[in-house]
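The chain contents come next:
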Amino acid sequence: MPEPVDGNSLAGPFSELFSADLTTATARCLGCGDVSELARATVYPDPTGYVVRCGRCDDVLMVIIEEPDSIRLELRGMSWLKVPR
Amino acid sequence: MATRGSSSAIGDPLVISERETRDAPPHRIGLWHVGVVVSTHTETPTGRSIVLDVPGWGGNLAGQHADVRLTASDGYQAVRSYSIASAGDSDRVELAVDRFPTGEVSPYLVDDLLPGDELELRGPLGGWFVWKPTQTESVQLIGGGSGIVPLVAMIRSHTDSASTAPFRLLYSVRTSDDAFFRSELERPTPHLDVTWLYTRRVPHGWPRPAARISLADLAASAFASSLSPAVFVCGPTGFVETVATDLVALGHDPQRVKTERFGGA
Amino acid sequence: MAVISRGFTGRSREHTPELPPGQYLTKDFPVLSAGPTPDIATADWSFSIRTDDATLHSWSWDELHTLPIEDIATDIHCVTRWSKFGTSWRGVSLDTLFAGVETSDEYVMAHSYGGYTTNLPLQDLLGGKAWVAFEFEGEPLDPEHGGPARLLIPHLYFWKSAKWIRSLEMMSSDEPGFWEQNGYNMYGDPWLEQRYW
C-alpha cells in the first residue's frame, strides 16, 4: 500500500510552482504550533495530489491537487511559511 | 551583478553579489532534461543502477533526487522520484532503482531500459536531505535496502572531496545478494566505517543473527548522540520510522536526524 | 515536446463499455489515504445520524448487526482512475438506517474517525444505492480499506464512500467536505467524469 513519505519528496511538484526550494522552507502548524521544515512534514501521496500533514500532530498543513491543466495549492493548516533566500 | 547595488543607498555590491552566489543547492524550476542511458548495471535480483548523460543537468549535491518522466507512444505519462547515487558537477547522473512488482515505472526501468534509450529527468531536487563537503561534523548514515542510494552519493562526495569528516554507515539488507553497490562499500575507504546488518540470511560465520535493525544495533555501531553527528536515514517507511524513534530514544536531537522514507507505490 | 520512452506503455488503458471514461481496470484494491489509518475497536465504534432538531440516531456495533444485512455486488470507481469490477460487500442499507429519521434537509456531511469529511445529497443515500459496509470479499473490512465500517456509495467516485464512517450530519445546503474544499467535484459522477470543479 502507498505509505506516507517525507516532505522532501515534494521538491519536484514544488519546483513547478516556486523558484525557491520549498522543502527547506519552515512552516508553523496552525493546529499545534510546531515549527518545522516542510521536508519534515508527513506526505500522503495520491495520484491526483498530496496531503501534507504536520509531523507532530498530523493536522493537515497543505493540500496539493494536480489537475490536468493546473495545480491547486491549499494552505489551510499553516499560519506562516518562511522561505530561505 | 553588482549593478543592482546602486538601487540602495547603503548597498554594498560585494554583499549583494555574495547573496546571489550563495551556497544554495542547485534547484532549477520545473525544467525537464532529456537523458540518454549510457549503461546499466544489475545490482541485486530486483534492482539495477542506471548511468545517464543529461546535457544541461549541471551537477547535483549528494543526497538530492530527480523526478523521472516516462511517456508512452500514445502520450500517457508517468512521473516518479528516484534518489541520485552520484554527486558533483557533471552532467552524468547515476540512479539506482528497485523494482516494485506492482509498480508502473520501476519494472520498466529495471527490466526494459537499454543503453541509448531516452527518458526525461527533472532536477536536481531537494536541498534538505543533502551533505555538503564543507560540513566537518561526524556523519551517521543509516540505510535500508535501496535506501542506500542517496547515502552512497554522500560517501562518494566525501571521498571525492577528500573530506576528513568521520563517516559511519549502517546498511540493513535482507541478504548479501540484496545489497546495492556492495563491492564499492566493501572497499576500505578513509574515514568511513561500514556496518552490515542482515535481516533474512547472514553470510557464513557472521556473528550477528539475521534480524531487523534494533536499538541495540544503533547503540553498538552508530555514532553516540554525545558527538552530535548529522544523521541521515533512508529506506522503506517502517524501517525509517523505527530507526528515527530509536535514535531519539538514544538521545539524538530530532533536529539533527534527517529522514527520507519511500512509500511502497 | 516529450520524449517517447521506447517500449513504455504504462498501465493498461484499453476501453471497455463497462468502464467510465478515463478509468483503467485493476484487480488490486489500491489504498488511498489522506491521513493516518485510525485504529477503532468495534467495542468503541458507533455510527450516528444527526439532525438539526438535536435528535440523535445512534447504533453501536452490535446494534448495527441486529439490522437486516444485505449482500452487495458492485463495480467501484476511484477518482484516481482505477476501477474494480465485481466487488462483494456486506452491510446495512442506509434506507434501513434512515427509516426512523425525520428531516427536511436535503444534504448530508459524512464524518469519519480521523477527521475526514465528504458531502452528499440525501437522495443519493436512499433508494438502495448506499450502505454502511463492514465486510469485503467475505472478510471483516480491513482498517486500511476503512474498517470497521465505511460508507459504500458505488454510483459515485469512491472518495464519497467515506472510510472509518462515524456519523452523518444533515445539512440544509450543500457544503464541501475535505476533498471537495480542495477542488474535487461536489457530486462526483464517474460516468460524467466529475473529478474536479
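Residues numbered from 1 in each chain as written. Chains lettered and ligands numbered in written order. Predicted model: local features only at pLDDT ≥ 70, side-chain atom pairs only at ≥ 80, totals over all residues.

### Quick look at the overall build of chain C
Point 1. Tallying secondary structure elements over chain C gives two helices and 11 strands in all.
Point 2. Going residue by residue from the N terminus, the α and β elements of chain C occur as β-β-β-α-β-β-α-β-β-β-β-β-β.
Point 3. Here the C-alpha atoms of chain C give a radius of gyration of 18 Å, agreeing with the 16 Å that 2.2 N^0.38 yields for 197 residues.
Point 4. C-alpha extents for chain C along the principal axes are approximately 60 × 35 × 30 Å.
Point 5. Of all 197 residues assigned to chain C, the portion counted as buried reaches 35%.
Point 6. Of the contacts made within chain C by residues no fewer than 6 positions apart, 63% connect residues no fewer than 24 positions apart. (Helix = DSSP H or I, 4+ residues; strand = E, 2+ residues; numbered from the N terminus. Rg over C-alpha atoms; globule rule 2.2 N^0.38 Å. Buried ≥ 20, exposed ≤ 12 C-beta atoms within 10 Å, placed from the backbone. Contact = placed C-beta atoms within 7 Å.)

### Things to note about the overall build of chain A
Point 1. Within chain A one finds one helix and eight strands.
Point 2. Mapped in sequence order, the helices and strands of chain A form the string β-α-β-β-β-β-β-β-β.
Point 3. Against the 2.2 N^0.38 benchmark of 12 Å for 85 residues, chain A shows a C-alpha radius of gyration of 12 Å, consistent with a compact globule.
Point 4. Seen through its principal axes, chain A has C-alpha atoms that stretch 35 × 35 × 20 Å.
Point 5. Counting only residues that meet the buried cut, chain A has 53% of its 85 residues in that class.
Point 6. For chain A, the share of sequence-separated contacts (at least 6 apart) that also reach a separation of at least 24 residues comes to 44%.

### Side note on the sheet that holds strand 11 (residues 257-262) of chain B
Residues and elements named next belong to chain B.
Point 1. With parallel pairing, five strands are arranged side by side in an open sheet as 9-8-7-10-11. Two strands close off the open sheet at either side, each with one partner strand: strand 9 (192-198) and strand 11. Taken over all neighbouring pairs, the strand axes of this sheet differ in orientation by 10 degrees on average, direction set aside.
Point 2. Bridge analysis of strand 7 (residues 139-144) against strand 10 (residues 230-236) gives five bridges, and the strand direction is parallel. Counterpart to G143 in the pairing with strand 10 is C234. (Pairing = 2+ DSSP bridges. Axes fitted to C-alpha atoms, helices over the stretch in contact; angles between N-to-C directions.)

### Some remarks on the pairing of strand 5 (residues 49-53) of chain A
Residues and elements named next belong to chain A.
Point 1. Counting buried positions along strand 5 yields five of five residues, so the element is predominantly enclosed.
Point 2. Of the two faces of strand 5, both are covered, the one formed by G49, V51 and R53 as well as the one formed by Y50 and V52.
Point 3. Sheet topology note: the strand 4 (residues 42-46)/strand 5 ladder contains five bridges and is antiparallel. Within strand 5, the position partnered with Y44 by the bridge is V51.
Point 4. Bridge analysis of strand 5 against strand 6 (residues 60-67) gives five bridges, and the strand direction is antiparallel. Within strand 6, the residue paired with V51 across the bridge is V63.
Point 5. Where strand 5 hands over to strand 6, the hairpin turn is made up of six residues, of which D58 adopts a positive phi near 70 degrees.

### Looking at the interface of chain C and chain B
Point 1. Every contact between the two is made by 12 residues of chain C and, on the other side, 16 residues of chain B.
Point 2. Partitioned by chemical class, the residues of the side of chain C that touches chain B number four nonpolar, four polar and four charged. (Nonpolar A, V, L, I, M, F, W, Y, C, P; charged D, E, K, R; others polar.)

### Concerning unusual backbone geometry
Point 1. A cis amide bond links G123(B) to the next residue, P124(B), at an omega of 0 degrees.
Point 2. By the secondary structure assignment, P124(B) is in strand 6 (residues 118-125).
Point 3. For the bond running from G147(C) to P148(C), omega is 15 degrees, close enough to zero to count as cis.
Point 4. Here P148(C) shows up in the loop between strand 9 (139-140) and strand 10 (150-152).
Point 5. Although it is not a glycine, H191(B) adopts a positive phi angle of roughly 65 degrees.
Point 6. Inspection of the secondary structure puts H191(B) in the loop between helix 4 (182-186) and strand 9.

### Observations regarding the nonpolar core
Point 1. Judged by nonpolar contacts, the single largest core of 129 residues is most densely connected at L61(A), L95(B), L151(B) and V132(C).
Point 2. Mapped onto the domain boundaries, this core takes at least three residues apiece from domain 1 (32-125) and domain 2 (139-262) of chain B.
Point 3. Ignoring any residue separated from it by four or fewer positions in sequence, one finds L151(B) in contact with L141(B), G143(B), L169(B), F232(B) and C234(B). (Core = buried A, V, L, I, M, F, W, Y, C linked by C-beta atoms within 7 Å. Domains from an automatic or database assignment.)

### Topic: the confidence of the model for chain C
Point 1. Averaged over all residues, the pLDDT of chain C is 91; the fraction at 70 or higher stands at 97%.
Point 2. Reported confidence for the predicted complex is 0.90 by ipTM and 0.83 by pTM. (pLDDT = per-residue confidence, 0-100.)

### Points about the environment of R261(B)
Point 1. If you trace the backbone, R261(B) turns up in strand 11.
Point 2. By C-beta crowding, R261(B) is classed as buried, having 24 other C-beta atoms within 10 Å.
Point 3. In the structure, R261(B) is positioned 114 residues away from G147(B) in sequence and 8.2 Å away in space, judged by C-alpha atoms.
Point 4. Setting aside residues no more than four positions away along its own chain, R261(B) makes contact with V5(A), D6(A), T237(B) and V240(B).

### Observations concerning the environment of A153(B)
Residues and elements named next belong to chain B.
Point 1. If you trace the backbone, A153 turns up in helix 3 (residues 149-160).
Point 2. In this structure, the C-alpha to C-alpha distance between A153 and G63, residues 90 residues apart in sequence, is 6.1 Å.
Point 3. If we skip the residues at most four places from it in the chain, A153 touches A62, G63, I84, A85, S86 and A87.

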